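A structural walkthrough
Listed below, chain by chain, are the residues.
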Amino acid sequence: MFKGELLSPAGDKECFESALKFGADAVYLAGKEFGMRTASANFDLDTLKQSVAQAHERNVKVYVTCNTLPRNNEIDRMPEFLEQAQSIGVDAFIIADLGVMSLAEKYAPKVERHVSTQAGIVNYQTARVLYEMGAKRVVLARELTLEDIAGIRAKTNPELELEVFVHGSMCVSFSGRCLISSYMTGRDANRGDCAQPCRWKYHLYEEHREGQYFPVVEESDGTYLYNSRDLCMIEHINDVLKAGAKSLKIEGRAKSRLLCGSHYQRISSCT
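Residues numbered from 1 in each chain as written. Predicted model: local features only at pLDDT ≥ 70, side-chain atom pairs only at ≥ 80, totals over all residues. Heavy atoms only, no water.

Considering a nonpolar patch on the surface
Cut-off, in case you're wondering: Distance thresholds for patches are 9 Å for like charges and 5 Å for nonpolar side chains (Val, Leu, Ile, Met, Phe, Trp, Tyr), applied to residues having over 30% relative accessible area and no salt bridge. All accessible areas in this document rest on Shrake-Rupley with a 1.4 Å probe, and a residue is counted as covered only by the protein chains that are shown. Here, a salt bridge means any Lys or Arg side-chain nitrogen found within 4 Å of an Asp or Glu carboxyl oxygen. Helix numbers and strand numbers start at the N terminus; a helix is a DSSP run of H or I with at least 4 residues, a strand a run of E with at least 2. The cut-offs for exposure are 20% and 50% of the maximum accessible area for each residue type, with area from a 1.4 Å probe on protein chains only; residues under the lower value are buried, those over the upper are exposed, and the others partly exposed.
A contiguous nonpolar surface patch, about 240 Å² in accessible area, is contributed by L98, V129 and M133. Assignment of secondary structure puts V129 in helix α6 (residues 124-132). Judged by its relative accessible area of 34%, V129 is partly exposed.

Below, the structure written as structure tokens:
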């Protein structure tokens, strides 16, 4: 029997309730600041408090994302946010920045610290160091193979939990640290505002043929040079578990409750 957890996203209260309905063991969400999905409604402190209480009544955990890379003026607001989240009773923070990691230990010591996939964890030594720094869990980079995951599991403390994405986008950059959006639109992907230009259609342009562009045919409905295929591990859930995953993570805080609900049901049926 699977003794890990099915970790589901919630971009708003409706999606949160959908996650509970379809059997999530844990839900990850964001407050009004510091989360990587600014387009979602997210949760103010009152809604977060209500949601945590509702989840705990069902023995479901709530993880709050603090996984942006905050600038100096933002980091000054972090201690208050961390203290408030701890007082509400959240179960863990998902963190990408080492400064935030340190602040969480100081201002919210009762809350577990999970290190985000944004940190780009691809080897056991990095996982070991983060565990020594107080991480309860690491969210592994999405580009890892099953063999990579098993290798990390074999060479890290068994108390360190491994979280693995089983559904979601595969960023062409470095586990989400992409600069294309910032360069092209001024929207910083590392602060939750990605415009997803990797999903736009592109054409070739030859420098001596001004005004002419040439399509590169890849799919019938367009060409997406930067966008790899989305991650879909539905046929390999048991392999992910055997490799050492504690938590199976579904991406989707910007998706609707109906779409996420179908993912919960399909993955739950495989475990």
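Continuing now.
Points about the pattern of salt bridges
Two side chains bearing opposite charge may form a pair once their charged atoms approach each other closely. Under the counting rule described, the total for this entry stands at eight salt bridges. When the shortest N-O distance is used, the salt bridge between E5 and R137 registers 2.6 Å. Taken together, the residues E5 in strand β1 (residues 5-9) and R137 in strand β6 (residues 137-139) connect sequence positions 132 residues apart. Taken as a pair, E5 and R137 share a single burial class, namely buried. Here D193 makes a salt bridge to R187, at a shortest N to O gap of 3.8 Å. With relative accessibility at 30%, the residue D193 sits in the partly exposed group. Salt bridges here are not isolated pairs; linked through shared partners, they connect E5, R137, E161, E163 and K249.

Quick notes on helix α1 (residues 13-21)
So the rule is basically this: What qualifies as a polar contact is a pair of N or O atoms within 3.5 Å, subject to a donor-acceptor requirement within protein and to the restriction that residues adjacent in sequence count only when both atoms come from side chains.
For α1, the complete set of buried residues consists of C15, F16, S18, A19 and L20. For α1, the side-chain oxygen to backbone nitrogen distance between the N-cap and E14 is 3.2 Å, and the N-cap itself is D12. Trailing α1 by a residue or two, G23 shows a phi angle of about 95°, which is positive.

Observations regarding the nonpolar core
Inclusion rule: Here, the term nonpolar core denotes a set of buried Ala, Val, Leu, Ile, Met, Phe, Trp, Tyr and Cys residues that are joined through side-chain atoms within 4.5 Å. We call two residues in contact whenever any of their non-hydrogen atoms come within 4.5 Å of each other.
Membership of the largest hydrophobic core comes to 63 residues, with the highest contact counts inside it found for F16, V90, F93, V138 and L140. No other element matches the five residues that helix α4 (residues 78-88) contributes to this core. In contact with F93, other than residues within four places in its own chain, are V64, C66, L82, A85, A104, A108, V111, E112, R113 and H114.

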